[in-house]
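Listed below are the residues making up each chain.
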Amino acid sequence: MARKLWAVRGLAALASGAMALSLAACGGGGAGAGGGADGGDADGGKGGLVGVAMPTETYERWVADGDAVKSGLEEAGYQVDIQFANDDIPTQQQQIDAMINKGAEALIIASIDGTTLGSQLEAAGAAGIPVISYDRLIRDSDNVDFYVTFDNFQVGVQQGTSLLTGLGILDENGEPAADAPKGPFNIELFAGSPDDNNAGFFYNGAMSVLQPYLDDGTLVVPSKQIDFDTVAIQRWLQDKAQGRMDDLLTSTYSKGDVTVDGILAPADPLSRGIITSLQNVGYGKGDLKMPVITGQDAEAASAKLIEDDVQYSTIFKDTRLLAEQAVTATQAYLEGKEPEANDTESYDNGKKVVPSYLLPTVIITKDNVKSELVDSGYLTAEEVASGQAD
Ligand code: BGC
């Protein structure tokens, strides 16, 4: 069954548009129809080419994702064309076009901007190539078959919760602390890139736990910058986060009458940009305490800053498990089956609700860097100590 399906897909990828369309229409799998119900001998499409499109190598996690997806696919017997796009949309579009032209039988895509891959997805759909949206939801297209990701709203909830825990408002179990200080605490808010569907999920999750404390005055945002579009950092760039923190320090904190107590930072590189900005004006020295700063991705540099009491928390998203889910889903499609979803409600991409597999995440503070990150083999003790991933 699978070989036949695989052969059809291989052919379809090479065929003219019309040919490809008609093959797809007559059971070649469609965009993830999980077709293949037409029998045939099965070897799971072994040896077939899988295209893997990753956004950038500047974030440690995408390099780890890329390595894990590649090795997982190779172990499962596939050939892999993996490309990183340097966070440049036209580059990613060209890379995916090239994968389709080379005869990729499945695509795993972590998009840069979830709305800009329309023509690539149409080509994939016409050729019956299943598309797996990796970590970030691809939007506004019917030709997205499956989504593997973490529970992104919960990531935000965990970020908000750890900010409150760091301030002493919640205890280590996330429950209201018995001896909670009344505040008010001055916080500033940052969000991720507005063209990344995850960024809104993270922000909404965080605000779901912070809002009651903003409403009752325990938390205050002195800059008054709260709206997602105002606090979002385009393309998740570290220097943009640093620049926005510089601006906030100048506009709101330069008189010295108010200081920052907490920062909702959505990803470790942004946390580090914010930390640099704060250190430049003296935070972390003498009486000027470093605010409670959150993060995401458990990067080595931030794990070290957590150990050193500079960054308060991060969120551990085990990219090894995400890669495994992507490989499992790919294999299912190439064997003519449907991958198993555990969420069929949360991720509407504007055209359809994309069946998803969501993985859980863990709040990391100084207490569990070793037990969660090192003991699980995600980072080595040396990487945490040096702050540098191998
Ligand atoms: C990912 C985060 C990552 C961010 C920046 C998001 O889509 O879910 O893990 O920190 O992109 O690369």
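Residues numbered from 1 in each chain as written. Predicted model: local features only at pLDDT ≥ 70, side-chain atom pairs only at ≥ 80, totals over all residues. Heavy atoms only, no water.

(A) Up close: the packing of aromatic side chains. Tallied over the full model, the rule gives 5 aromatic pairs. Where Phe201 meets Tyr347, the ring centres are 4.7 Å apart and the plane angle is 25°; that geometry is what we call stacked. You can see Phe201 sitting in helix α7 (residues 197-215) and its partner Tyr347 sitting in the loop between α12 (319-334) and β11 (356-359), a full 146 residues away along the chain. Tyr347 gets classed as buried once you look at its relative accessible area, which sits at 1%. (Phe/Tyr/Trp six-rings, centres within 6.5 Å; stacked < 30°, edge-to-face > 60°. Helix = DSSP H or I, 4+ residues; strand = E, 2+ residues; numbered from the N terminus. Buried < 20%, exposed > 50% of the residue type's maximum accessible area, 1.4 Å probe, protein only.)

(B) Summary view of unusual backbone geometry. Geometrically, the link from Gly183 to Pro184 is a cis peptide bond, its omega value of -5° lying close to zero. The residue Pro184 is located in the loop between α6 (152-166) and β6 (185-189) in this model. One non-glycine residue with positive phi stands out, namely Asn86, at about 55°. Note on placement: Asn86 falls in the loop between β2 (79-84) and α4 (89-101). Its relative accessible area of 62% is what places Asn86 among the exposed residues. One non-glycine residue with positive phi stands out, namely Asp297, at about 105°. Residue placement: Asp297 occurs in the loop between β9 (292-293) and α11 (300-307). By relative accessible area, Asp297 is classed as buried at 7%.

That's the geometry; what it means functionally is another story.
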